[in-house]
Amino acid sequence: MKKSLAARSIGAIAIVTALTASLAGCSASGSDGGSTDGLTLGFSQVGAESGWRTANTASVQESAKTAGIDLKFSDAQQKQENQIKAIRSFIQQNVDVIAFSPVVESGWDTVLKEAKAAGIPVVLTDRAVDSADETLYESFIGSDFVEEGEKAGDWVVDEFADADSVTIAELQGTTGSAPAVDRQEGFADVIGEDSKFEIVASQSGDFTRSGGKQVTEAILKSNPDIDLIFAHNDDMALGAIEALEAAGKKPGTDVKIVSIDAVKDGMTALSEGQINFIVECSPLLGDQLMETVEKVAAGEEVEKRIVTEETTFDQEQATAALPDRKY
Ligand code: GYE
C-alpha cells in the first residue's frame, strides 16, 4: 500500500529537518572521506555461521562506511530472540532505518508492528519473513532461493541423465529459514519429475561446516552408498567432504556434491574436483542496501522486491573465476 501524499510530505519534511540538524551538528567530522549524511542504520545480522555470512557482514560494513551511514551492527548468533532484542533496542535509540536478515521466516509481526508504530522503516536483507502484512517492511533485497534450488536440481538431472537410480542425501540449512525452505522446494520440484531420484535422507546442518560434517557422518551410517549430496550451502558441503574422506570415500568421485553460495573455499573445492557444481548466491548486498536505506529515509518509493543476479559454476568455470573472487 502506498502512503498518502500528505503523510509522505510530512515524513519528508521531518527527515529534511532532522538531516539539516544532524549535518549542522557534525560538520567537523567525516574525516574518513565518506559523505556524512547523518543517517543511522540499525542492522541485525544472523550470525557468523558461514563464509557467506562473513562476506555479507563485510559488505554491509564497507558500504555503510562509503555511504557515510552510521551503522549500529548487532550479531544475533543465529537466535531469533537476540534479533528481536536488537530491533527493540534500535527502536529505543530511534535510528532512522532498521535492516535485518531474519534467521527464520516466522514470528516477526509483533516487533515489526512496534517499528511501524515508532515510524521507523524496515528493510529486509538476504532472507524473507512470512508476514501476511507487507506494509510491515519497505523492501526485501536478496536472492531467489527457490530458483537456486531449481538450478541445483537441473544440474543433477543432466549429470545423472544415464543413471537408472540415484540416491540423494540433502543437507538442509537452518530449520525454518527462507533459504532452507525455498532451496529444498526448488530442488524437490525439479528432481521430483523423475522417480529415479530418491532423497534417502534430509537433515539440517544449520548452514555450518561442523553441522554438515556431523549430519553426513550420521547419514553415511544408515546410507553408506549414496550417489549424491545436495548441500544448501558450501560450508556444509565442506563439512561433508571431511566426513566422506573419514569414511574412506572420495568426495566428488564416489559421491557427487552440489552446493550453493560459491564462496572462495567452496570454489576451491570445486576447482579441485571435490565439489562438482555450485549455484552462486551473492553476499555482496551492502551497496544495494545502503541505496535503499537512503531512499526510504528520504520518503522515496522503493521496489518491494530487489532480486540479486547470480550465476552457476562447474569445475572449469570455478578455476577461471577463483583468482578474482572477492569472497
Ligand atoms: O546461503 C548460507 C548462510 O541466507 C543466503 O545463509 C543466506 C545463507 C547462505 O549461512 O551460507
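Residues numbered from 1 in each chain as written. Predicted model: local features only at pLDDT ≥ 70, side-chain atom pairs only at ≥ 80, totals over all residues. Heavy atoms only, no water.

**A look at the site of the ligand**
Applied cut-off: Throughout, the term near means that a residue has one or more heavy atoms lying within 4 Å of the molecule or strand in question. Here a polar contact means two N or O atoms within 3.5 Å. Within protein one must be a hydrogen donor candidate and the other an acceptor candidate, and residues neighboring in sequence count only if both atoms are side-chain atoms. Areas reported here follow the Shrake-Rupley algorithm with a probe of radius 1.4 Å; residue values treat only the protein chains shown as occluding. Site definitions follow a grid-based scheme: protein atoms alone, a 1 Å grid, a 1.4 Å probe that fits but cannot get out for cavities, and for pockets an open set with protein on both sides within 12 Å along at least five of seven lines, plus lining residues having an atom within 4 Å of a point. Pocket or cavity membership: a molecule qualifies when more than half of its atoms sit within 2 Å of the grid points of that site. Here the limits of each domain have been adopted from an automatic or database domain assignment.
Every one of the 13 residues lining the ligand counts as a neighbour, but Glu 49, Asp 126, Arg 127, Asn 233 and Asp 261 are closest to it. Here an oxygen atom of the ligand and a side-chain polar atom of Glu 49 are 2.5 Å apart. Arg 127 has a polar side-chain atom sitting 2.8 Å from an oxygen atom of the ligand. Starting from 300 Å² of accessible surface for the ligand in isolation, the protein chains cover 100%. Of the pockets mapped on this structure, the ligand occupies the largest cavity. Each of two domains, domain 1 (5-139 + 283-309) and domain 2 (145-281), supplies a minimum of three residues to the shell around the ligand.

**Quick word on empty space enclosed by the protein**
We count it as follows: Grid points are joined across faces, edges and corners, and a volume is the space filled by probe spheres set on the points. Throughout, the ten residues Ala, Val, Leu, Ile, Met, Phe, Trp, Tyr, Cys and Pro are labelled nonpolar, Asp, Glu, Lys and Arg are labelled charged, and all others, Gly among them, are labelled polar.
Taken as a whole and assessed by the stated rule, the structure comprises one cavity of 30 Å³ or more. Counted as a void, the largest cavity has a volume near 90 Å³. Along the wall of the largest cavity there are 13 residues; nearest its centre are Trp 52, Arg 53, Arg 127, Arg 183 and Phe 207. Partitioning the lining of the largest cavity into residue classes produces five nonpolar, two polar and six charged.

**What to know about the pattern of salt bridges**
Pairing between side chains becomes possible if they bear opposite charge and their charged atoms approach one another. Quick note on the threshold: Basic side-chain nitrogens of Lys or Arg form a salt bridge, by our definition, when they fall within 4 Å of a carboxyl oxygen of Asp or Glu. By definition, any uninterrupted DSSP run of H or I lasting at least four residues is a helix, any uninterrupted run of E lasting at least two residues is a strand, and each is numbered from the N terminus. Burial here depends on accessible area, computed with a 1.4 Å probe over protein chains only, as a share of the maximum for the residue type. Under 20% is buried, over 50% is exposed, and the range in between is partly exposed.
Counted under the stated rule, the structure contains 11 salt bridges. A salt bridge links Asp 126 to Arg 53, with the shortest nitrogen-to-oxygen separation between them at 2.8 Å. Taken together, the residues span a long stretch of sequence, with Asp 126 in the loop between strand 4 (122-125) and strand 5 (139-142) and Arg 53 in helix 2 (residues 51-67) at a distance of 73 residues. Across this residue pair, the class does not change: Asp 126 and Arg 53 are buried.

**What to know about the sheet that holds strand 1 (residues 40-45)**
In plain terms, the rule: Any two strands with at least two DSSP bridges between them are considered paired. Simply put, an axis is a line fit to the C-alpha atoms, just over the touching stretch for a helix, and the angle between two N-to-C directions goes from 0 to 180 degrees. Only heavy atoms enter the contact rule, under which two residues are in contact if any of them lie within 4.5 Å.
A sheet is described by the order of its strands in space; here six strands give the open sequence 2-1-3-4-5-11, paired in parallel fashion. Single-partner strands in this sheet number two, and they are strand 2 (70-75) and strand 11 (305-307). The mean inter-strand angle of the sheet, taken between neighbouring strand axes irrespective of direction, is 20 degrees. The pairing of strand 4 with strand 5 spans three bridges and is classified as parallel. Paired with Leu 124 across the strands is Phe 140, a residue of strand 5. Contacts from helix 2 reach strand 1 and strand 2, with the element oriented near 160 degrees to strand 2.

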